[in-house]
Amino acid sequence: MKSAPFDYLRVDSVEEAAQVLAAEGGDARIIAGGQSLMPMLAMRLATPALLVDIMHVEALRRIDDDGKVLRIGAGVRQRTLEHHAGLAERHPLLAKALPWVGHSQTRARGTVCGSIAHADPSAELALVLMACGGTVHLRAGRKKRSVAAADFFTGMMATAKAENEMIEAVSYPVAAPGHSYAYREIARRHGDYAIVGCAATARPDGTTSLAVAGVADQPMVRDLPPPDDSGFFDALNQFAWDLNARDDLHATGRYRRDMVRRLGRQTIEEAVRCRD
Amino acid sequence: MPRLSADRRHPVTLNLNGRTVRGEAEPRMSLTDFLRHEIGATGTHVGCEHGVCGACTVLIDGQTARACLALAVQVDGSDVKTVEGLEEEPGRLGVIQEAFREHHGLQCGFCTPGFLMTLDALFRERPDADEDLIRETLSGHLCRCTGYAPIVRAALAARDWLRDGETDHA
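In this text, all values refer to a predicted model and were calculated from it rather than measured experimentally.

Parameters and conventions
- Residues numbered from 1 in each chain as written.
- Chains lettered and ligands numbered in written order.
- Predicted model: local features only at pLDDT ≥ 70, side-chain atom pairs only at ≥ 80, totals over all residues.
- Helix = DSSP H or I, 4+ residues; strand = E, 2+ residues; numbered from the N terminus.
- Rg over C-alpha atoms; globule rule 2.2 N^0.38 Å.
- Buried ≥ 20, exposed ≤ 12 C-beta atoms within 10 Å, placed from the backbone.
- Contact = placed C-beta atoms within 7 Å.
- Pairing = 2+ DSSP bridges.
- Axes fitted to C-alpha atoms, helices over the stretch in contact; angles between N-to-C directions.
- Domains from an automatic or database assignment.

1. Quick word on the overall build of chain B
Inference 1: Looking only at helices and strands, chain B has 5 helices and 5 strands in total.
Inference 2: Starting at the N terminus, the α and β elements of chain B follow one another as β-β-α-β-β-β-α-α-α-α.
Inference 3: For chain B, whose C-alpha radius of gyration is 16 Å, the value lies close to the compact-globule estimate of 15 Å for 170 residues.
Inference 4: Summarising its shape, the C-alpha atoms of chain B cover approximately 50 × 30 × 25 Å along the three principal directions.
Inference 5: Taking all 170 residues of chain B together, the buried fraction comes to 47%.
Inference 6: Long-range contacts, defined as pairs at least 24 residues apart, comprise 54% of the intrachain contacts of chain B with a sequence gap of at least 6.

2. Observations concerning the environment of A:Met130
All names here are of chain A.
Inference 1: With respect to the helices, strands and loops of the structure, Met130 is situated in helix 8 (residues 124–131).
Inference 2: Taking the number of C-beta atoms within 10 Å as the measure of exposure, Met130 has 23 and is therefore buried.
Inference 3: Sequence separation between Met130 and Ala148 is 18 residues, and the spatial gap between their C-alpha atoms is 8.6 Å.
Inference 4: Here Met130 is in contact with Ala149, Ala150, Phe153, Ala211, Pro219 and Val221, once residues within four sequence places are set aside.

3. Regarding the sheet that holds strand 1 (residues 10–16) of chain B
Residues and elements named next belong to chain B.
Inference 1: Strand order in this open sheet of 5 strands is 2-1-5-3-4, and the pairing throughout is mixed. Every interior strand has two partners, whereas the edge strands, strand 2 (19–25) and strand 4 (63–66), have only one. Mean inter-strand twist for the sheet, computed between neighbouring axes without regard to direction, equals 40°.
Inference 2: For strand 1 and strand 2, the ladder comprises 7 bridges, and the chain directions are antiparallel. Across the sheet, the residue bridging to Asn15 is Thr20, located in strand 2.
Inference 3: Packed onto the sheet, helix 1 (residues 31–39) meets strand 1 and strand 2 and runs at close to 95° relative to strand 2.
Inference 4: Lying on the sheet, helix 3 (residues 112–125) is in contact with strand 3 (57–60) and strand 4; it crosses strand 3 at an angle near 35°.

4. Quick notes on unusual backbone geometry
Inference 1: Residue A:Arg44 is not a glycine yet carries a positive backbone phi of 55°.
Inference 2: Counting through the fold element by element, A:Arg44 comes out in the loop between helix 2 (37–42) and strand 3 (50–53).
Inference 3: Even without being glycine, B:Asp61 reaches a positive phi, approximately 45°.

5. Structural notes on the domain arrangement of chain A
Quite often, the size of an interface is put as the accessible area lost when its parts meet.
Inference 1: When its domains are assigned, chain A resolves into domain 1 (7–52), domain 2 (62–173) and domain 3 (180–275).
Inference 2: Computed from C-alpha atoms alone, the centre-to-centre distance between domain 1 of chain A and domain 3 of chain A is 35 Å.

Structure, rendered in structure tokens:
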């Protein structure tokens, strides 16, 4: 399995990357850590004419905390975020989900934004971005725009990013006061794609929300009543059905639906326990 | 850096196991193929070529990486450590290698270089790694011979030897 031929350009600035990408249109792709793109190239599911390597752009390697959001540049590796000082306090959900992202060997190279751009339906980082209402910062040439996660993920490995746009950074809103979070996942082996991944938030007013990966074509989130409320199970069950789970090699749709109900409930209960 | 054209070979320089090595690569050439075919360092094995099996794991700038998921031109100028860099002196196995031999941590040996490189990085960072962490870290590797139990035993033995500073264990 060898990639089809492509040109390669190592850029030194965001401006250069954005400019080249805008000029080349759909024929160029950004390569960062390469942990999602390289398999796509090897299997020739992607055949770009040019790869633009952004890993030598100093300005993209920043994690900025402005008190409201963690803004993670497109050159930040997953391992770097995983070891970011204070992550467990600033963003407990990210801290809990990151060890589930691929394997330590892929986290050491893969970037946070790369995973968001790839938009695999079972990706943990996309799920967490949905769960906490994050934002994706896009750029085409000199034109910048920010898109809410809910509008960014549009389907199976499909996003609102235009072909001439690059992700410059993503913002994960930090933990809100009194909120607590939990993450759980089912996969055949640790590090495999999640069959079902659940990220739960418990709010101070008792209400909860559940975000689910691996079931619908994109990560989905829904507000739910407190788990001891009489309407909780019906609301969770409705969410499980609304995800339109399908059968594939790894699990049946019915199994996935059942996992949303069971694992979803466990994850929410764990989040509530963390709050109390 | 200028744009490297797809149909040309471009010079790539690595610091491989402490030695400067030079070769040429088309942009699409993976680090695995560069190491094996350009440099002749065939200790790094090629398994699945899409990042699943872990056989080609090497260290790039001290961090574990699948060599099949890195382009040679991407790592131009980097430090790369491969299984050839584990021997303590020519012809003498390193501690982790020796532990694998003693505890039958390999049969056919195809996956072994990857396991060794991951453990080399793990014990440098976490000399106190417990069995759970070792198992979790090794989950990024496939072995179709051993059933993993002897590999975990070998890893635990290597950790203890390294921690106790034993060098003469053969």
